[in-house]
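Descriptive analysis of the structure
What follows is the residue order along each chain.
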Amino acid sequence: MSEPHVRVAGSEVVLIADPKKLWPLMALRGALTLLFGIIALLWPGITVLALALLFGAFALVDGVTFLISAFRQRRDGESWRGWLPSLVGGLLAIAAAVITVLAPGITALALAVLAGLLLIFVGVVEVVLAIRLRTVIRGEVFLALAGVLAVLAGLAILFWPDRGILALTLLLGGYSVVGGLLLIVAALRVRAVAKTRDRR
């Protein structure tokens with residue numbers, strides 16, 4: 001198991017990725033993504049309004065976790081290249097949540113485009129994070145897979161946005177279940193690193 005990558009900032013040594021701070025947020029995102037997917041799949045007859053509100057709540061929590069991660073990275077001395085993707089991802093997710101709440105009459109097509117764009121950006125952020133974590137953990141591939149899956153789901157939604165609310169629900173639900181599980185596995189890998197460091 002390799003050590004966390006470090007850099008020198010002034011007279012301080014700053015961890016680029018602190019596993020102890022990283023894994024709880026990653027696990028929370030995974031659990032909420034999994035929960036969203038289960039609800040979506042168990043509610044195949046969901047209306048556009050209900051799906052929009054459910055998606056809005058999911059996007060809001062997802063955005064908040066991204067912003068917390070960005071704030072912690074910035075506070076710990078991370079360069080802007082490290083925390084900017086999380087910041088932008090968090091702001092976009094919150095913007096998506098606000099749109100779905102303020103526009104309760106949103107159409108299935110508009111919701112599909114919004115969901116597709118958000119999934120693509122979130123997926124890119126997760127892949128970037130996985131690349132940065134490759135020096136910290138073994139198993140970052142799970143986070144990368146979650147990111148790739150999000151991008152593929154987002155592209156599928158954008159390429160076929162008019163397939164109907166049932167198809168959108170099933171696609172979002174399926175992605176969320178698999179993606180949530182991958183995020184949880186990645187979080188457990190990071191948690192194992194944190195425990196190993198604490199024992200030293």
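Report on the accompanying structure.

**Points about the side chain of Thr100**
Following the sequence through the fold, Thr100 ends up in helix 3 (residues 80-102). Of the polar contacts made by the side chain of Thr100, one reaches the backbone oxygen of Ala97; its length is 2.8 Å. Excluding its chain neighbours within four sequence positions, the residues that come into contact with Thr100 are Ala52, Leu53, Phe55, Gly56, Leu111 and Leu114.

**Remarks on helix 3**
Over its 23 residues, helix 3 extends 32 Å from the first C-alpha to the last, a length consistent with the 33 Å expected when each residue adds 1.5 Å. Residues of helix 3 that are buried include every one of Gly82, Trp83, Ser86, Gly89, Gly90, Ala93, Ala96, Ala97 and Thr100, and no others. The elements touched by buried residues of helix 3 are helix 2 (48-75) and helix 4 (108-133).

**Things to note about the pattern of salt bridges**
Counted under the stated rule, the structure contains two salt bridges. Among the salt bridges present, the one from Asp62 reaches Arg29, with a minimum N-O distance of 2.5 Å. Here the residue Asp62 occupies a position in helix 2, and Arg29 occupies one in helix 1 (residues 19-42), the gap between them amounting to 33 residues. The pair formed by Asp62 and Arg29 is uniform in burial state, with each residue classed as buried. It is possible to trace a salt-bridge network through shared partners that takes in Arg29, Asp62 and Glu126.

**Topic: helix 2**
The end-to-end C-alpha distance of helix 2 is 40 Å, a good match for the 40 Å that 28 residues give at a rise of 1.5 Å each. Of the residues flanking the end of helix 2, it is Gly77, one or two places downstream, whose phi is positive at about 90 degrees.

**Observations regarding the nonpolar core**
Grouped together as the largest cluster of nonpolar side chains are 28 residues, with contacts concentrated most on Phe55, Leu111, Leu118, Leu168 and Leu172. At the level of elements, helix 2, helix 3, helix 4, helix 5 (141-159) and helix 6 (165-198) are the ones that each hand at least two residues to this core. When sequence neighbours within four positions are dropped, the list of residues in contact with Leu118 reads Phe55, Ala59, Leu92, Ala93 and Ala96. By size, the runner-up hydrophobic cluster in this structure holds 11 residues, among which are Met26, Ala130, Leu133 and Val190.

**Thoughts on the environment of Leu87**
For Leu87, the location among the structural elements is in helix 3. Judged by relative accessible area, Leu87 falls into the partly exposed class, the value being 27%. Ignoring anything within four residues of it in the chain, the contact list for Leu87 reads Leu67 and Ala70.

Basis of the calculations
- Residues numbered from 1 in each chain as written.
- Predicted model: local features only at pLDDT ≥ 70, side-chain atom pairs only at ≥ 80, totals over all residues.
- Heavy atoms only, no water.
- Helix = DSSP H or I, 4+ residues; strand = E, 2+ residues; numbered from the N terminus.
- Polar contact = N/O pair within 3.5 Å; in protein donor to acceptor, adjacent residues only side chain to side chain.
- Contact = heavy atoms within 4.5 Å.
- Expected span 1.5 Å × (residues − 1).
- Buried < 20%, exposed > 50% of the residue type's maximum accessible area, 1.4 Å probe, protein only.
- Salt bridge = Lys/Arg side-chain N within 4 Å of Asp/Glu carboxyl O.
- Core = buried A, V, L, I, M, F, W, Y, C linked by side-chain atoms within 4.5 Å.

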